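# Geometric and topological summary
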Amino acid sequence: AETLRQKIALTLNRDPGKVTINRTETGAITFNGIGMLGRRLNLENATELTIQAIEEEVYDIHLPVEELQPDIEVLDESLREQGIQEVIAVGESDFTGSPLNRQHNIAVGLEKFNGHIIPKGSVFSFNDVLGPVNAETGFKRELVIMGDKTLPEFGGGLCQISTTAFRGAWEYGFPIEERRNHSFAVSYYSPQGTDATIFPPHTDMQFRNDSPGDLLMQTYTEDMRAYYIYYGTRDDRETEIIGPYVWGRVGAPPEKTEYTTDLPPGATKKVGSAVPGLKAAWYRVVTMPDGQQPSEEEYYSFYEARPLFYQVGIEEGQDPNAMGEPKVPDWITTPDTETTTQENTVL
């Protein structure tokens, strides 16, 4: 019990938040405080489960954790009538190690969803709420996946918040209408298979609000973690998330070089890091309170292996086939943890 208290409870336990929700005269929704769910590990039950698991040589147990509702005061009558009364889900992700432009884009992107309402029965589209992604809408250039390269573009890092929004909806049991994994595994989205990439207007993340009332989003960051809090009205659905199951691991392919006139002759630019490939699967079982059979859903993610990829500048009209092996600076060929982390940044 003491080991579980020190190793798990001290990290997992969290006091519930406190928030007041209201509207301004112009109709904008305001939050005074953060309505985060609290958590408490049931130490007595966890201890008994652990002892039993050891005795029976069981390697995994589900920790008994109690969720604690925050102190919520909804001052606006119209919001109360829409069913905004409690926290029904929280999405969370970790963007530790992100460069400054990526942190900026995450903060700007999250603010666009803060106070957004998803009406009962409607489909939420991440791209529709996000809107245009450019300098005029407050975004900076940061690395995004563009085909087989990772290049700076406006809004790099926005997949962090689409992933965070997806996780909350997915874990509660909302029907997922559209979700796509990244083309290669990105460290920011561990555990793999829980990411949701977006690339407006082509790739979106969508889910349906089939809860008894409207949903209200509160977004914020703290200690390099992004959060979506969904306020609404809970029903009695039960959702179980099972995974991840990971297989098909393959190493990164051989280094790749591309000659281009887009760079000054002799200049070298890294456009991709070496990343291994893998496959991941999760299973979701949702039991609705209407007595229907539980829905069993499969979520597969396939991540490509990517090579260390760099471009070398040549003069206009120069034959790349006659160039021979390029001379690459040490910073390209020497493994560098910080550089690798930043090169994995995607939209």
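The present account deals with the structure reproduced in this document. Quick caveat: nothing in here was measured; it's all calculated off a predicted structure.

### What about the overall build of the chain?
Within the chain, the secondary structure is distributed over 8 helices and 20 strands. In terms of overall dimensions, the chain has C-alpha extents of about 70 × 60 × 40 Å along its principal axes. For the chain, the residues scored as buried account for 44% of the 347 residues in total. Taking as baseline every contact in the chain between residues at least 6 positions apart, the subset at least 24 positions apart corresponds to 76%. Accessible surface, the chain: about 17,700 Å² in total, of which carbon and sulfur atoms supply 48%. Across the chain, the 29 positively charged side chains and the 54 negatively charged ones have centroids separated by 3 Å.

### Overview of the side chain of R284
Secondary-structure assignment places R284 in strand β18 (residues 277–287). Here W170 takes part through its backbone oxygen, which lies 2.9 Å from a polar atom of the side chain of R284. At a separation of 3.3 Å, a polar atom in the side chain of R284 contacts the side chain of Y299.

### Observations concerning the pattern of salt bridges
Side-chain pairing between opposite charges can occur once the charged atoms of the two side chains come close. Applying the stated rule across the entire model yields 13 salt bridges. R208 is the salt-bridge partner of E177, the closest N and O atoms lying 3.3 Å from each other. Residue E177 is located in strand β11 (residues 176–178), and its partner R208 is located in strand β12 (residues 206–208); the two are separated by 31 residues in the primary sequence. Ionic pairing is found between E304 and R306, a salt bridge with its closest N-O pair at 3.0 Å. The class for E304 is partly exposed, based on a relative accessible area of 43%. Through salt bridges that share partners, E92, D94 and R225 make up one connected network.

### Details of the packing of helix α4 (residues 100–111) against helix α6 (residues 158–172)
The N-to-C vectors of α4 and α6 enclose an angle of 45°; their axes lie 8 Å apart at closest approach. Put simply, α4 runs oblique to α6. Between α4 and α6, the residues in contact are R102, N105, I106, G109 and L110 and L158, Q160 and I161, respectively.

### Observations regarding unusual backbone geometry
Here the bond from S190 into P191 is cis, since omega is 0°, no more than 30 degrees from zero. Tracing the backbone shows P191 in the loop between β11 and β12. A cis amide bond links G243 to the next residue, P244, at an omega of 0°. Along the chain, the position of P244 falls in strand β15 (residues 238–250). Unusually for a residue other than glycine, E57 sits at a positive phi of about 55°. Looking at where E57 falls in the secondary structure, it is placed in the loop between α2 (43–55) and β4 (65–68). The backbone of D223 shows a phi angle near 55°, a positive value even though the residue is not glycine. Residue placement: D223 occurs in the loop between β13 (215–222) and β14 (225–232). D223 sits in the exposed class, given a relative accessible area of 67%.

### Some details on the sheet that holds strand β2 (residues 29–34)
Read across the sheet, 3 strands follow the order β2-β1-β5 without closing on themselves; strand pairing throughout is mixed. Looking at which strands have only one partner, the edges of the open sheet turn out to be β2 and β5 (71–74). Strand-to-strand twist across the sheet, computed as the mean angle between neighbouring axes with direction ignored, equals 10°.

Here is what the cut-offs are and how they apply
- Each chain has its residues counted from 1, running along the sequence as written.
- Local features in this predicted model are restricted to residues of pLDDT 70 or higher, and side-chain atom pairs are both shown and tallied only at a pLDDT of 80 or more, whereas totals for entire chains, interfaces and linings draw on every residue.
- Hydrogens are left out, water is left out, and the side-chain values use all remaining heavy atoms of the structure.
- Helix and strand assignments follow DSSP, with helices taken as H or I runs no shorter than four residues and strands as E runs no shorter than two, numbered in order from the N terminus.
- Per-residue accessibility, obtained with a 1.4 Å probe over protein chains only, is compared with the maximum for each type, and a residue is labelled buried under 20%, exposed over 50%, and partly exposed between these values.
- Note on contacts: a residue pair qualifies if any of its non-hydrogen atoms lie within 4.5 Å across the two residues.
- In short, Shrake-Rupley with a 1.4 Å probe defines the accessible areas, and a residue's cover is counted only from the protein chains shown.
- Residues scored as positive are Lys and Arg, those scored as negative are Asp and Glu, and His as well as the terminal groups of each chain are ignored.
- All charge positions are set by atom: Lys at NZ, Arg at CZ, Asp at CG, Glu at CD.
- Two N or O atoms count as a polar contact when they lie within 3.5 Å, although within protein this holds only if one can serve as hydrogen donor and the other as acceptor, and sequence-adjacent residues are included solely when both atoms are side-chain atoms.
- Here a salt bridge means any side-chain nitrogen of Lys or Arg lying within 4 Å of a carboxyl oxygen belonging to Asp or Glu.
- For helices, the fitted axis covers only the stretch in contact; all axes are lines through C-alpha atoms, and the angles between them, taken along N-to-C directions, range from 0 to 180 degrees.
- Working definition: roughly parallel below 35 degrees, roughly antiparallel above 145 degrees, roughly perpendicular at 65 to 115 degrees, and oblique for all remaining angles.
- DSSP bridges decide pairing: two strands pair if at least two such bridges lie between them.

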